[in-house]
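So the chains spell out like this:
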Amino acid sequence: KAGVTQTPRYLIKTRGQQVTLSCSPISGHRSVSWYQQTPGQGLQFLFEYFSETQRNKGNFPGRFSGRQFSNSRSEMNVSTLELGDSALYLCASRPAGGQGETEAFFGQGTRLTVV
Amino acid sequence: GDSVTQMEGPVTLSEEAFLTINCTYTATGYPSLFWYVQYPGEGLQLLLKATKADDKGSNKGFEATYRKETTSFHLEKGSVQVSDSAVYFCALSGDTGRRALTFGSGTRLQVQP
């Protein structure tokens, strides 16, 4: 069974630009979550999608947005990039439904560098 | 809100030494508790989990027990190997409506031969 796939693995963008990151969850998983990892703030939750609906959102500005498609693939978008957005962005998928005890499977992440 | 506190690193040990990484949490209700491991250049992998009080999670020689009375979930391993060198994250997930993972700051483990 293929794992969680994130593309691209590395990105370099300029301040003010926008970027779109992609995540393909494990086949059959309908929940996709996004996390930002930085040396200063650690791992922080961005948002969770389930069946194309955002069902939970972290404390990030509106420049961060996401969506989920009918095949459960998800994208996140960051507009008007700032230097502080440089981070490893991790996507995690969970089986359909489930409570908090179900395991989240993580992708390898997309390393975004803003210059 | 929910929070997780884990010991600062790096933790440097010799091969075959005993490992303990402390983790305490603050949460309402009955969260599920996890330890994730991150190897260089990789995403997170689940190491073990426990979903209710007094549960013991174990995997690859690592163990952690869910202690509700002390709100702790300390990670232990009796004999570490060089291949265990990585960053370890303690995390919790709430019940319905609070499924997002809340992570501790991570503890880097370095095992020397």
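Residues numbered from 1 in each chain as written. Chains lettered and ligands numbered in written order. Predicted model: local features only at pLDDT ≥ 70, side-chain atom pairs only at ≥ 80, totals over all residues. Heavy atoms only, no water.

Asks: Quick rundown of the overall build of chain A? Include the residues and the values.
Replies: Scanning chain A from N- to C-terminus turns up zero helices and eleven strands. Listing each helix as α and each strand as β along chain A from the N terminus yields β-β-β-β-β-β-β-β-β-β-β. Its C-alpha atoms give chain A a radius of gyration of 13 Å, near enough to 13 Å, the size a compact globule of 115 residues would have. Its C-alpha atoms give chain A principal-axis dimensions of roughly 40 × 25 × 25 Å. Evaluated residue by residue, chain A yields a buried proportion of 50% over its 115 residues. Contacts in chain A between residues at least 24 apart in sequence constitute 55% of all its contacts with a sequence separation of at least 6. With the model as given, the accessible surface of chain A reaches about 5300 Å², and the carbon-plus-sulfur share is 48%. Here chain A contributes 12 positive and 7 negative side-chain charges, whose respective centroids are spaced 5 Å apart. (Helix = DSSP H or I, 4+ residues; strand = E, 2+ residues; numbered from the N terminus. Rg over C-alpha atoms; globule rule 2.2 N^0.38 Å. Buried < 20%, exposed > 50% of the residue type's maximum accessible area, 1.4 Å probe, protein only. Contact = heavy atoms within 4.5 Å. Areas by Shrake-Rupley, 256 points an atom, 1.4 Å probe, with all protein chains shown as cover. Lys, Arg positive; Asp, Glu negative; His and termini not counted. Charge placed at Lys NZ, Arg CZ, Asp CG, Glu CD.)

Asks: Which residues make up empty space enclosed by the protein, and what values do they have?
Replies: Across all of its chains, the model carries one cavity of 30 Å³ or more by this definition. Estimated volume of the largest cavity: approximately 30 Å³. Lining the largest cavity we find Ser31(A), Ser33(A), Tyr35(A), Ala92(A), Ser93(A), Arg94(A), Ala104(A) and Leu101(B). Where the lining of the largest cavity is concerned, the elements lending two or more residues are β4 (29–38) and β9 (87–95) of chain A. Residues of the lining of the largest cavity, tallied by class, amount to four nonpolar, three polar and one charged. (1 Å grid on protein atoms, 1.4 Å probe; cavity = no way out; pocket = protein on both sides within 12 Å on 5 of 7 lines; lining within 4 Å. Points joined across faces, edges and corners; volume = space filled by probe spheres on them. Nonpolar A, V, L, I, M, F, W, Y, C, P; charged D, E, K, R; others polar.)

Asks: Break down the layout of surface pockets for me, with residues and values.
Replies: All names here are of chain B. Each pocket or cavity is described by its volume, and for the largest pocket that value is around 640 Å³. Broken down by element, the residue count for the lining of the largest pocket peaks at three residues, all from strand β10 (residues 86–93). Looking at side-chain class alone, the lining of the largest pocket contains nine nonpolar, 14 polar and four charged residues.

Asks: Give me the packing of aromatic side chains: which residues, what numbers.
Replies: Applying the stated criterion across every chain yields a total of twelve aromatic pairs over all chains. Pairing Phe34(B) with Tyr36(B) gives two aromatic rings, centres 6.1 Å apart and planes at 35°, and the pair type is tilted. A single burial state applies to Phe34(B) and to Tyr36(B), both of which are buried. An aromatic cluster is present here, built from Tyr35(A), Phe45(A), Phe106(A), Phe34(B), Tyr36(B), Phe89(B) and Phe103(B) joined pairwise through their rings. Residue placement shows Arg55(A) over the ring face of Phe50(A); its charged tip is 4.7 Å from the ring centre. (Phe/Tyr/Trp six-rings, centres within 6.5 Å; stacked < 30°, edge-to-face > 60°. Lys NZ or Arg CZ within 6 Å of the ring centre and 35° of its normal.)

Asks: So what about the interface of chain A and chain B? Which residues, and what values?
Replies: Between chain A and chain B, the residue contacts involve 23 residues of the former and 21 residues of the latter. Summing both sides of the interface, chain A and chain B together bury roughly 1700 Å²; the carbon and sulfur share of this comes to 47%. Inspection of the chain A/chain B interface yields zero salt bridges. Counting across the interface, chain A meets chain B through six residue pairs in polar contact (both at pLDDT 80 or more). At the level of elements, β4, β5 (42–50), β6 (53–57) and β9 of chain A are the ones that each hand at least two residues to the side of chain A that touches chain B. For the side of chain A that touches chain B, a count of residues per class yields seven nonpolar, ten polar and six charged. (Buried area = accessible area lost by both parts, 1.4 Å probe. Salt bridge = Lys/Arg side-chain N within 4 Å of Asp/Glu carboxyl O. Polar contact = N/O pair within 3.5 Å; in protein donor to acceptor, adjacent residues only side chain to side chain.)

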